[in-house]
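# Observations on the three-dimensional arrangement
In case you want the letters, here they are:
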Amino acid sequence: MTILRFALLLGLLCVPRPAAAQDASAQDAPAQDAAPTAAPQDPAAVTAPAAPAETAEQGAAAPESFDDVESQVQARLETSIQELARLREQIAAEQIPLSRRLNELESELTAVRDEYNQTTRLLDSRTLDLSNLKNEIKRRQDETEYLSGLLGDYLNEFESRLHIAEVQRYEEALEAAKLAAQNTSLSEQEVFAAQAEVLQLSLQRLEEALGGARFEGTAVDADGLVREGTFVLVGPAALFRSAEGGGIGTAEQRLGSLEPAQIGFGDELDAQAALALVAGSAGEFPLDATLGDAHKVESTQEPFLDHVKKGGPVMIPIFALAGASLLVALLKWLGMIFTRRPSNKKVQQLLGAVGAGDEERAQDLVATMPGPMGRMLRAGVEHIREPRELVEEVMYETVLTTRLKLQRFLPFIAISAASAPLLGLLGTVTGIINTFKMITIFGSGDVKSLSGGISEALITTKFGLIVAIPSLLLHAFLSRKAKGAIDRMEKSALAFANQVGLSASARPDVRNVEVIAAAGPDPELVRKQVNEILSDLMGPLVDERGEQLSRTRT
């Protein structure tokens with residue numbers, strides 16, 4: 001306390017004050033001593049009025065002593081202490097409510113912060129839920145579009161798999177489902193309802209397919225009239241019976257028609273079984289294993305004459321060539337078949353007799369040999385005493401005659417084989433020309449109008465090849481057979497000539513001896529005949545020796 005006072009005094013002494021201010025402060029000192037008793041509660045209110053008076057008194061009064069200053073300072077200090085005490089009491093009095101209020105506000109702030117955090121978490125959770133919900137909605141929409149596409153594809157597939165007789169039965173539901181998918185004014189639920197109805201019908205159809213289904217409808221009969229009747233469907237096969245007594249048959253689809261066609265049964269027993277099945281509730285079902293393909297194939301078949309007529313006028317020379325070549329080939333084959341020839345055993349016996357010089361046996365053997373070979377060998381035996389060259393020429397003449405006879409008309413078969421494809425090509429050209437004429441008139445959209453020219457082009461080529469290939473084979477066969485017969489005759493003729501040559505070299509010329517005996521001895525004639533005989537006997541040796549000599553000289 002003393003130190004504090006001393007410090008305050010030093011502070012006051014160190015501050016220079018004017019004289020007037022010091023007089024005023026000296027005069028005002030008693031007033032300041034009494035002021036603390038009446039000091040207000042507010043320190044600012046107590047000190048504020050005293051400052052001007054003190055300043056004035058200090059300016060007017062004379063310098064004070066240290067005790068006066070100490071007393072003043074002491075008074076001011078006590079006043080300040082009292083004011084501080086009051087302020088502390090006031091603060092203490094106001095601190096508790098304020099603390100309480102602060103606690104309340106802090107509690108409210110904590111509650112508000114918790115509420116804010118809770119609201120923020122709830123907002124984040126709701127935002128996440130909203131995002132998940134949007135994603136779920138998007139997935140559901142995608143699933144809906146996918147299911148809608150699947151149902152649309154299923155409807156198209158279902159319609160394509162329906163039997164032609166079932167189209168009438170499900171036509172209304174299918175049309176409603178297709179229109180619902182294209183109608184933008186309908187909701188997705190209504191579209192799904194229309195498509196689900198077709199789905200339900202398809203499931204019922206599967207259940208009915210196990211035991212068969214019976215329903216009413218219309219079909220086109222064989223006369224081309226649309227008649228009402230009853231369908232009986234078992235699996236992929238259907239029967240139709242007209243209500244007007246138009247018969248019964250299978251219900252099938254014809255090309256270019258949207259109505260089922262009634263195809264009658266070829267067998268009466270099948271028709272009766274089908275009639276009993278349609279009229280009753282059970283029976284035998286005449287099932288076509290081809291599911292109508294047999295009727296379609298049968299409808300495409302046509303008589304042979306009608307097929308030939310489609311080829312046009314070129315078919316006439318093609319068939320003329322075919323008939324002529326076939327007739328010639330048949331005649332030539334029959335002629336070669338019935339041409340007799342001696343057996344190899346008799347030919348060997350004849351050659352043995354000729355080689356042995358037994359003319360009588362040779363004549364007996366050759367007299368029984370038939371056919372061209374027999375004639376050739378008989379000619380050779382008749383001229384057996386002639387020189388070998390003459391025998392060969394006589395026999396070769398028979399071979400040539402036989403060759404000409406065997407090869408007669410064979411070139412005509414070859415000409416037919418070469419001409420038939422050319423005629424077919426001619427028909428192809430004329431058919432293509434007719435096809436282009438039809439295209440010029442009707443265009444290329446109508447296939448039926450083009451079928452005539454195409455048929456002519458293909459049919460003529462077909463029959464031209466049919467005629468050419470067998471003709472070529474027949475010509476080759478008959479030519480080979482004729483060549484074989486000629487080769488056998490040439491072989492027999494060569495063997496006979498060889499045997500004649502061998503037998504002639506071993507026997508004298510009997511005819512020349514007879515002539516000499518009848519005419520008497522003529523030396524010149526005898527010399528000439530001897531020279532001829534020697535030349536016949538020694539001729540090959542002389543010729544061979546001459547060739548050797550000529551080679552040596554060369």
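Residues numbered from 1 in each chain as written. Predicted model: local features only at pLDDT ≥ 70, side-chain atom pairs only at ≥ 80, totals over all residues. Heavy atoms only, no water.

## Some thoughts on the overall build of the chain
The condition that has to hold: Secondary structure counts use DSSP, requiring at least four H or I residues in a row for a helix and at least two E residues in a row for a strand, with both numbered from the N terminus. Accessible surface area values rest on a Shrake-Rupley calculation with a 1.4 Å probe, where residue burial reflects the displayed protein chains alone.
For the chain, the count of helices and strands is 19 helices and five strands. As displayed, the chain has an accessible area near 36300 Å², and 61% of this comes from carbon and sulfur atoms.

## Topic: the packing of aromatic side chains
To describe a pair of aromatic rings, one takes the distance between the centres and the angle between the planes. This is how the line gets drawn: Here a pair means two rings of Phe, Tyr or Trp (six-membered ring of Trp) with centres within 6.5 Å. Their orientation is stacked below 30 degrees between planes, edge-to-face above 60, and tilted elsewhere. Throughout, exposure labels follow a simple rule: accessible area from a 1.4 Å probe, protein chains only, divided by the maximum for the residue type, with under 20% read as buried, over 50% as exposed, and the rest as partly exposed.
Inspection of the entire model under this criterion finds five aromatic pairs. Here the aromatic rings of Phe215 and Phe231 are separated by 5.5 Å at their centres, their planes lie at 25°, and the arrangement is stacked. You can see Phe215 sitting in strand 1 (residues 213–220) and its partner Phe231 sitting in strand 2 (residues 226–234), a full 16 residues away along the chain. You can call Phe215 buried: its relative accessible area is 9%. An aromatic cluster is defined as three or more aromatic residues linked by ring pairs; in this entry it consists of Tyr154, Phe158 and Tyr170.

## A short note on the confidence of the model for the chain
What counts here: On a scale of 0 to 100, pLDDT captures the predictor's confidence in every residue. Here, residues are in contact when the closest pair of their heavy atoms is within 4.5 Å.
Of all residues in the chain, 74% attain a pLDDT of 70 or more, and the chain-wide mean is 75. When mean pLDDT is compared element by element in the chain, helix 11 (residues 315–337) scores highest at 90, while helix 3 (residues 29–34) scores lowest at 38. Here residues 15–62 is modelled with pLDDT under 50, and outside its nearest four sequence neighbours on either side it reaches 82 contacts, counting other chains as well. Residue range residues 540–554 is modelled with pLDDT below 50. Its contacts to residues more than four positions away, or to other chains, number zero contacts.

## Quick notes on the pattern of salt bridges
The following threshold applies: Only one rule defines a salt bridge in this text: a Lys or Arg side-chain nitrogen within 4 Å of an Asp or Glu carboxyl oxygen.
Considering all chains together, one arrives at eleven salt bridges under this definition. The shortest N-O distance in the salt bridge between Glu166 and Arg205 comes to 2.8 Å. Of this pair, Glu166 sits in the loop between helix 5 (66–161) and helix 6 (167–182) while Arg205 sits in helix 7 (residues 188–211), and the two are 39 residues apart along the sequence. A salt bridge links Asp487 to Lys483; the shortest N-O distance between them is 3.1 Å. Here the residue Asp487 and the residue Lys483 both occupy positions in helix 17 (residues 447–505), the gap between them amounting to four residues, near one helical turn. Here Lys483 falls in the partly exposed class, since its relative accessible area comes to 43%. What you see here is one network of salt bridges that share partners, running through Glu136, Arg139, Arg140 and Glu143.

## Focus: a negative patch on the surface
The condition that has to hold: Without a salt bridge and with relative accessible area above 30%, a residue can belong to a patch; like charges are then joined within 9 Å and nonpolar side chains (Val, Leu, Ile, Met, Phe, Trp, Tyr) within 5 Å. All tallies of charge rest on Lys and Arg as positive and Asp and Glu as negative; His and the ends of each chain are not included. Taken as the charge centre is NZ of Lys, CZ of Arg, CG of Asp or CD of Glu, depending on the residue.
The grouping of Glu171, Glu172, Glu175 and Glu197 at the surface amounts to a negative patch. Along the chain, Glu175 falls in helix 6. We classify Glu175 as partly exposed; its relative accessible area is 43%.

## Notes on the environment of Phe436
Mapped onto the fold, Phe436 is located in helix 16 (residues 410–442). Of the residues examined, Phe436 reaches a relative accessible area of 52% and is grouped as exposed. Linking Phe436 and Ile454, residues 18 residues apart in sequence, is a C-alpha distance of 9.9 Å.

## Comments concerning helix 11
Let me state the cut-off plainly: Given the number of residues in a helix, its expected span is that number minus one, multiplied by 1.5 Å.
Over its 23 residues, helix 11 runs 32 Å from end to end, which matches the ideal 33 Å to within 8%, given 1.5 Å per residue. Residues of helix 11 that are buried: Met315, Ile318, Leu321, Ala322, Ser325, Val328, Ala329, Lys332 and Met336.

## Some details on the side chain of Thr230
Test applied: N or O atoms closer than or at 3.5 Å make up a polar contact, with two conditions inside protein: a donor-capable atom paired with an acceptor-capable one, and, for residues adjacent in sequence, both atoms drawn from side chains.
Note that Thr230 resides in strand 2. On the basis of relative accessible area, Thr230 is assigned to the buried category, the value being 17%. Within the structure, Thr230 has its side chain in polar contact with the side chain of Glu216 (distance 3.3 Å). In contact with Thr230, other than residues within four places in its own chain, are Arg214, Phe215, Glu216, Leu239, Phe240, Arg241 and Val278.

## Regarding the pairing of strand 5 (residues 260–264)
Consecutive residues of a regular strand have side chains that alternate between opposite faces of the sheet. Applied cut-off: A pair of strands is treated as paired once DSSP finds two or more bridges between them.
Counting buried positions along strand 5 gives four out of five residues, so the element sits mostly inside the fold. Across five bridges, strand 4 (residues 248–253) lies against strand 5 in antiparallel orientation. Looking across to strand 5, one finds that Glu252 is bridged to Ala261.

## Focus on the environment of Leu327
As for its position among the elements, Leu327 is in helix 11. Residue Leu327 is classed as partly exposed on the basis of its relative accessible area, which comes to 49%.

## Considerations on helix 12 (residues 344–356)
Taking 1.5 Å per residue as the helical rise, helix 12 with its 13 residues ought to reach 18 Å, and the 18 Å between its terminal C-alpha atoms agrees with that figure. Of the residues flanking the end of helix 12, it is Gly357, one or two places downstream, whose phi is positive at about 80°.

## A short note on the packing of helix 13 (residues 359–367) against helix 14 (residues 371–382)
Filter applied, for reference: The axes are straight lines fitted to the C-alpha atoms, using for helices just the contacting stretch, and the angles between their N-to-C directions are given from 0 to 180°. Oblique is the label for any angle not under 35 degrees, not over 145, and not in the 65 to 115 range, which are roughly parallel, roughly antiparallel and roughly perpendicular in turn. Take the far helix as your reference; a near helix turned counterclockwise from it by less than a right angle gives a left-handed crossing, and one turned clockwise gives a right-handed crossing. Gly is put with the polar residues, along with every residue not named as nonpolar or charged; the nonpolar set is Ala, Val, Leu, Ile, Met, Phe, Trp, Tyr, Cys and Pro, and the charged set is Asp, Glu, Lys and Arg.
Here helix 13 crosses helix 14 at 160°, and the two axes come no closer than 9 Å. With respect to helix 14, the axis of helix 13 lies roughly antiparallel. In the packing of helix 13 onto helix 14, the handedness of the crossing is left-handed. Residues Ala362, Gln363, Val366 and Ala367 of helix 13 lie in contact with helix 14, whose contacting residues are Gly374, Leu377, Arg378 and Val381. Taken together, the residues of the contact of helix 13 with helix 14 sort by class into five nonpolar, two polar and one charged.

## Some points on a nonpolar patch on the surface
Together, Leu327, Leu330, Leu331, Trp333, Leu334, Ile337, Phe338 and Phe477 make up an exposed nonpolar region whose accessible area comes to about 800 Å². Here the nonpolar patch gets six residues from one element, more than from any other, and that element is helix 11. With respect to the helices and strands, Phe477 occurs in helix 17. Using a relative accessible area of 43% as the deciding quantity, one classes Phe477 as partly exposed.

## Observations concerning the nonpolar core
Cut-off, in case you're wondering: Buried Ala, Val, Leu, Ile, Met, Phe, Trp, Tyr and Cys residues that are joined via side-chain atoms within 4.5 Å together make up what is termed a nonpolar core.
Of all hydrophobic cores here, the largest spans 31 residues; its most connected members are Leu350, Val354, Met376, Leu377, Met395 and Phe496. Grouped together as the second largest cluster of nonpolar side chains are twelve residues, Val308, Met315, Ile318 and Phe463 included.

## Observations regarding the packing of helix 5 against helix 6
Helix 6 packs onto helix 5 with a crossing angle of 155° between their chain directions and a minimal axis gap of 11 Å. The angle between helix 5 and helix 6 falls in the class roughly antiparallel. The handedness of the crossing between helix 5 and helix 6 comes out as left-handed. On helix 6, the residues touching Leu155, Asn156, Phe158 and Glu159 of helix 5 are Tyr170, Leu174, Ala177 and Lys178. Among the residues forming the contact of helix 5 with helix 6, the class breakdown is five nonpolar, one polar and two charged.

## Quick look at the pairing of strand 2
Bridge count between strand 1 and strand 2: eight bridges; the pairing is antiparallel. Note on strand 2: the bridge partner recorded for Arg214 is Val232. Linkage of strand 1 to strand 2, two consecutive antiparallel strands, is achieved through a turn of five residues, within which Gly224 is found at a positive phi near 85°. One ladder, built from six bridges, connects strand 2 with strand 3 (residues 237–242); its direction is antiparallel.

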